[in-house]
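Coordinates in review
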Amino acid sequence: MNIKVFDTKQELDAYAADLLCAKVAAKPNAVLGLATGSTPIGIYKELAARHRAGLSFQQVTTYNLDEYVGLDAANDQSYAYYMRDQLFSLLDIPADQTHLPQGMAEDLDLECERYDTMLQAQPVDIQLLGLGHNGHIGFNEPDAKLSGGTHVVKLKEETREANARFFSSMDEVPRYAITMGVGSILKADTIILAACGADKSSIVEQALTGPITTEIPASLLQTHPRVIVLLDREAAQRLTL
Ligand code: F6R
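Quick look at the structure, then. These numbers come from a predicted model, not from an experiment. (Residues numbered from 1 in each chain as written. Predicted model: local features only at pLDDT ≥ 70, side-chain atom pairs only at ≥ 80, totals over all residues. Heavy atoms only, no water.)

Quick word on the site of the ligand
Taken together, 14 residues form the shell around the ligand, and within it Thr-39, Asp-66, His-136, Gly-138 and Lys-200 come nearest. Note that an oxygen atom of the ligand is positioned 2.7 Å from one of the side-chain N or O atoms of His-136. Lys-200 places a side-chain nitrogen or oxygen 2.7 Å from an oxygen atom of the ligand. Computed on the free molecule, the ligand has an accessible area of 410 Å², of which 91% lies beneath the protein chains in the complex. In the shell around the ligand, the residues fall into 3 nonpolar, 8 polar and 3 charged. (Near = heavy atom within 4 Å. Polar contact = N/O pair within 3.5 Å; in protein donor to acceptor, adjacent residues only side chain to side chain. Areas by Shrake-Rupley, 256 points an atom, 1.4 Å probe, with all protein chains shown as cover. Nonpolar A, V, L, I, M, F, W, Y, C, P; charged D, E, K, R; others polar.)

What about the pattern of salt bridges?
By the definition in use, this model includes 9 salt bridges. A salt bridge links Lys-27 to Asp-125; the nearest nitrogen and oxygen atoms lie 2.9 Å apart. Residue Lys-27 is found in the loop between α1 (9-26) and β2 (31-34), and its partner Asp-125 is found in the loop between α4 (108-121) and β6 (126-129); the two are separated by 98 residues along the sequence. Classification of Lys-27 as partly exposed rests on a relative accessible area of 30%. We classify Asp-125 as buried; its relative accessible area is 11%. Here the salt bridges share partners, and the residues they tie into one network are Asp-18, Glu-46 and Arg-50. (Salt bridge = Lys/Arg side-chain N within 4 Å of Asp/Glu carboxyl O. Helix = DSSP H or I, 4+ residues; strand = E, 2+ residues; numbered from the N terminus. Buried < 20%, exposed > 50% of the residue type's maximum accessible area, 1.4 Å probe, protein only.)

Side note on helix α3 (residues 79-86)
Three- or four-residue spacings in an α-helix give side chains the same orientation, since the helix completes a turn every 3.6 residues. Along α3, the positions that sit buried rather than exposed are Tyr-79, Ala-80, Tyr-82, Met-83 and Gln-86. Seen from one end, α3 has its buried residues packed into an arc of 160°, which puts them on one side. In this structure, the buried side of α3 is in contact with β2, α2 (41-52), β3 (61-64), β4 (66-68) and α5 (157-163). (Arc of directions from axis to C-beta. Contact = heavy atoms within 4.5 Å.)

What follows is the structure, encoded as structure tokens:
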């Protein structure tokens, strides 16, 4: 794994944006896999700045990792809303080239199949990932077994609690989500895993240097040939580099 440690989150954000923009410059119709959460916010700000400076995303296609079940795109806690707010509205990317699993789909199994079919037709060039405190990537939670393709997942209480900060009460935090599977994530040509803060240092150490186990889904990234790990000093503090 290629691990890079940055003094500041701003430097990390700029580096991640460099990688994504270099891909878009070299391949204007690149397929980007995107994440939500706190970690990518600065990266998306950088992408928006690069667009303002002249880089076009008009031919880019995006696939997001996940979406809550039961929240529609107008709900400000949905990932569809987050992506519009934090990124898509700031780029020139046509809306029909941006994809998220549909958490309001009537038939969720069919929705998972639809998403996988699209992903097979348009393989991801670079997948951006954040890292959950329990080692989840997307919403692939620690378990005795993991699913390969897109699937519905029951969120762990610890994940609901970590995300409760965005909702007005714990009851409002959805219990289910649709997520790309670890198998789909690992099919990306290149993966960028970004993690910041001392609170991520323990899981960073376990995921990158511990045994490969479904109980730490991010540890499966050790099997991928092109993973670039971007950390700030705090998140990297338990690694001997
Ligand atoms: C979000 C996602 C999650 C987050 C993870 C880290 O689309 O897939 O796996 O990347 O929960 O979240 P933050 O960045 O908020 O610490």
